[in-house]
Amino acid sequence: MISRIHIDAPPAEVWANVTDIRTITDGEHSWNFTHDLVGVPRPRDAHMIGQGAGAVRSLEWAKGVRFEEHVTTWKPEHELAWTFHIGAQASRLILDEHLTVDSDYLRLEEGRYRIEPTADGGSDLILTTRYWIRTPMNGYAAWWGGVFLGDFHRNVLNIIKTRAEA
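Residues numbered from 1 in each chain as written. Predicted model: local features only at pLDDT ≥ 70, side-chain atom pairs only at ≥ 80, totals over all residues. Heavy atoms only, no water.

## With respect to the sheet that holds strand β1 (residues 2–7)
- An order of β1-β7-β6-β5-β4-β3-β2 is seen for the seven strands of this open sheet, with the pairing classed as antiparallel. Single-partner strands in this sheet number two, and they are β1 and β2 (43–49). Within this sheet the neighbouring strands show an average axis-to-axis angle of 20 degrees, counted without direction.
- As defined by bridge partners, strand β3 (residues 56–61) adjoins strand β4 (residues 65–75) across six bridges and the pair is classed as antiparallel. Paired with Ser-58 across the bridge in β4 is Glu-68.
- Most of the contacts of helix α4 (residues 138–165) go to strand β7 (residues 123–133), to which it runs at about 155 degrees, and overall it touches β1, β2, β3, β6 (106–117) and β7. (Pairing = 2+ DSSP bridges. Helix = DSSP H or I, 4+ residues; strand = E, 2+ residues; numbered from the N terminus. Axes fitted to C-alpha atoms, helices over the stretch in contact; angles between N-to-C directions. Contact = heavy atoms within 4.5 Å.)

## A look at the nonpolar core
- Formed by 31 residues in total, the largest nonpolar core has its most connected members in Ile-7, Val-14, Ile-21, Leu-80, Tyr-113, Leu-125 and Ile-160.
- In terms of residue count, α4 provides more of this core than any other element does, six residues in total. (Core = buried A, V, L, I, M, F, W, Y, C linked by side-chain atoms within 4.5 Å. Buried < 20%, exposed > 50% of the residue type's maximum accessible area, 1.4 Å probe, protein only.)

## Description of the pattern of salt bridges
- The full count for this structure, using the stated rule, is 15 salt bridges.
- Its salt-bridge partner being Arg-154, residue Asp-151 comes within 2.8 Å of it at the nearest N-O pair. You can see Asp-151 and its partner Arg-154 sitting in helix α4, three residues apart, about one turn around the helix.
- Owing to a relative accessible area of 8%, Asp-151 belongs among the buried residues under this scheme.
- Salt bridges here are not isolated pairs; linked through shared partners, they connect Lys-75, Glu-79, Glu-110, Arg-112 and Arg-130. (Salt bridge = Lys/Arg side-chain N within 4 Å of Asp/Glu carboxyl O.)

## Describing the pairing of β4
- Remark: three residues form the turn of the hairpin made by β3 and β4, two consecutive strands paired antiparallel; Lys-63 in that turn has positive phi of roughly 65 degrees.
- Relative to strand β5 (residues 79–85), β4 is paired through seven bridges, and the arrangement is antiparallel. By the bridge assignment for β5, His-70 is matched with Thr-83.
- Joining the antiparallel neighbours β4 and β5 is a turn of three residues, in which Glu-77 adopts a positive phi near 70 degrees.

Right, dumping it as structure tokens:
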């Protein structure tokens, strides 16, 4: 899944808001199907521990969901990539006890932010999440995966945009 948003701020400001997304308030979130109707927990905080490849971003979502992202690519003002380290407990809390995020049926492979400077002095921020689904109903499951990730991408990109432009 790939999502893009234009931000009226230079890459340095966008980068600062990509690496650390601290203390997200309820008022910063956008209404969406995934979080507001289905009840998937919303992000609350993400803070970076260290810098460069090998750094760890610690995440906290609503309902006590905690997990890590391990940085694999670190190019300040250009690109940040990571692998997901969710764990069994957080995985069960994200969706439900029957469909875990890191299983034989569903796996998040990689996340990546890419920042592209634009001619107007702003930036385009691209969020990519690579994942795979292996179920007897792949088409149906992939459709739902697109809905859930699309809602998450739009929500977090809008938070970063609002903060970077402030």
